[in-house]
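Read off the chains here:
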Amino acid sequence: DAGVTQSPTHLIKTRGQQVTLRCSPKSGHDTVSWYQQALGQGPQFIFQYYEEEERQRGNFPDRFSGHQFPNYSSELNVNALLLGDSALYLCASSYDREWYGYTFGSGTRLTVV
Amino acid sequence: QQQVKQSPQSLIVQKGGIPIINCAYENTAFDYFPWYQQFPGKGPALLIAIRPDVSEKKEGRFTISFNKSAKQFSLHIMDSQPGDSATYFCAKGADTYSGAGSYQLTFGKGTKLSVIP
């Protein structure tokens, strides 16, 4: 049973560019959440997608956007990259609001130069 | 701003010792307090979780103690092993089934644990 799959694992982008990160949820999960984890910090909530809509958003600018597809997979898009966007981006999936099933992927390490 | 204050930032114990990690929260409108374990290069993995109507919960060598009146909870690792060396995060989440409407987990800044053989 595959867990949460994220791609790519590592990415280097130039300041000002745009990036798309991808996430496939764990089998049976229909909800995808995205978190940003800066070095030495805890994950910070970006947003959550359920039924192909953004259900809740954290304190992140509009440069961060997302999408959920009918098969529950999701994308995170970041426009106009800043050096401060360098972080580990984590995807977590769950079955609707069930906390105990909340499962994280291994993340995408984004470096902005 | 950080709504979950975690301490210490780092911890070194000998094998067999009992590391204790503490967390304090401010807002009482949360009903789910999980602990996550993260190894380098991996995402956080759920270790153990507690709801505030329970004062203590044990799963194997891991125990959560919860003090609702003090708004604090802690993780104890009994008979710690070198394989327990990782970063540990406490977090809080709303009871979404109550309709509180918050679907995010709020994390502490983490505690890097090193267990020396």
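Numbers given for residues are sequential positions, taken from 1 along each chain in its written order. Numbering of ligands from 1 and lettering of chains from A proceed in the order in which they are written. Where local features are concerned, this predicted model is filtered to residues with pLDDT of at least 70; where side-chain atom pairs are given and counted, the filter is 80 or more; whole-chain, interface and lining totals use all residues. Think of the side-chain values as coming from all heavy atoms in the structure, minus any hydrogens and water.

Focus on the overall build of chain A
- The helix and strand labels rest on DSSP assignments: H or I over at least four residues marks a helix, E over at least two residues marks a strand, and numbering proceeds from the N terminus. Within chain A one finds zero helices and 11 strands.
- Counting helices and strands in the order they occur from the N terminus, chain A gives β-β-β-β-β-β-β-β-β-β-β.
- Computed over its C-alpha atoms, the radius of gyration of chain A comes to 13 Å, within 12% of the 13 Å expected for a compact globule of 113 residues.
- With the C-alpha coordinates aligned to their principal axes, the bounding extent of chain A is approximately 35 × 25 × 25 Å.
- Relative to its 113 residues, chain A shows a buried fraction of 49%.
- Looking at chain A alone, contacts between residues at least 24 apart form 53% of all its contacts between residues at least 6 apart. Using C-alpha atoms as the atom set, the radius of gyration is obtained and then compared with a globule rule of 2.2 Å times the number of residues to the power 0.38. Only protein chains enter the accessibility calculation, which uses a 1.4 Å probe; a residue whose area is less than 20% of its type maximum is buried, one above 50% is exposed, and one in between is partly exposed. Only heavy atoms enter the contact rule, under which two residues are in contact if any of them lie within 4.5 Å.

So, the state of the cysteines
All names here are of chain B.
- A pair of cysteine sulfur atoms is labelled a disulfide when the two atoms are within 2.5 Å. By the definition in use, this model includes two disulfides over all chains.
- With its sulfur 1.8 Å from that of its partner, Cys 23 forms a disulfide with Cys 90. For the disulfide bridge between Cys 23 and Cys 90, the dihedral angle about the S-S bond is near -90°, and by the sign convention the bridge is left-handed. Of this pair, Cys 23 sits in strand S3 (residues 20-25) while Cys 90 sits in strand S9 (residues 86-93); the two residues are 67 residues apart in sequence, bridging distant segments of the chain. Judged on exposure class, the residue Cys 23 and its partner Cys 90 are both buried.

Describing the confidence of the model for chain B
- Averaged over all residues, the pLDDT of chain B is 89; the fraction at 70 or higher stands at 89%.
- Taken element by element, the predicted model of chain B shows its lowest mean pLDDT in strand S10 (residues 105-107) of chain B (90) and its highest in strand S11 (residues 111-116) of chain B (98). Note on scores: pLDDT gives the predictor's confidence for each residue, bounded by 0 and 100.

Things to note about the sheet that holds strand S8 (residues 74-78) of chain A
Residues and elements named next belong to chain A.
- Pairing between two strands is assigned when DSSP locates at least 2 bridges connecting them. As summarised here, the arrangement of the four strands in space is S1-S3-S8-S7, forming an open sheet in which the pairing is antiparallel. At either end of the open sheet lies a strand with only one pairing partner, and these are strand S1 (5-7) and strand S7 (64-68). Neighbour to neighbour, the strand axes of the sheet diverge by 20° on average, direction disregarded.
- Bridge count for strand S3 (residues 19-24) against S8 is five bridges, and the pairing is antiparallel. When the bridges of S8 are listed, Leu 21 appears paired with Leu 76. Only the stretch in contact is used when a helix axis is fitted, and all axes are lines through C-alpha atoms; the angle between N-to-C directions ranges over 0 to 180 degrees.

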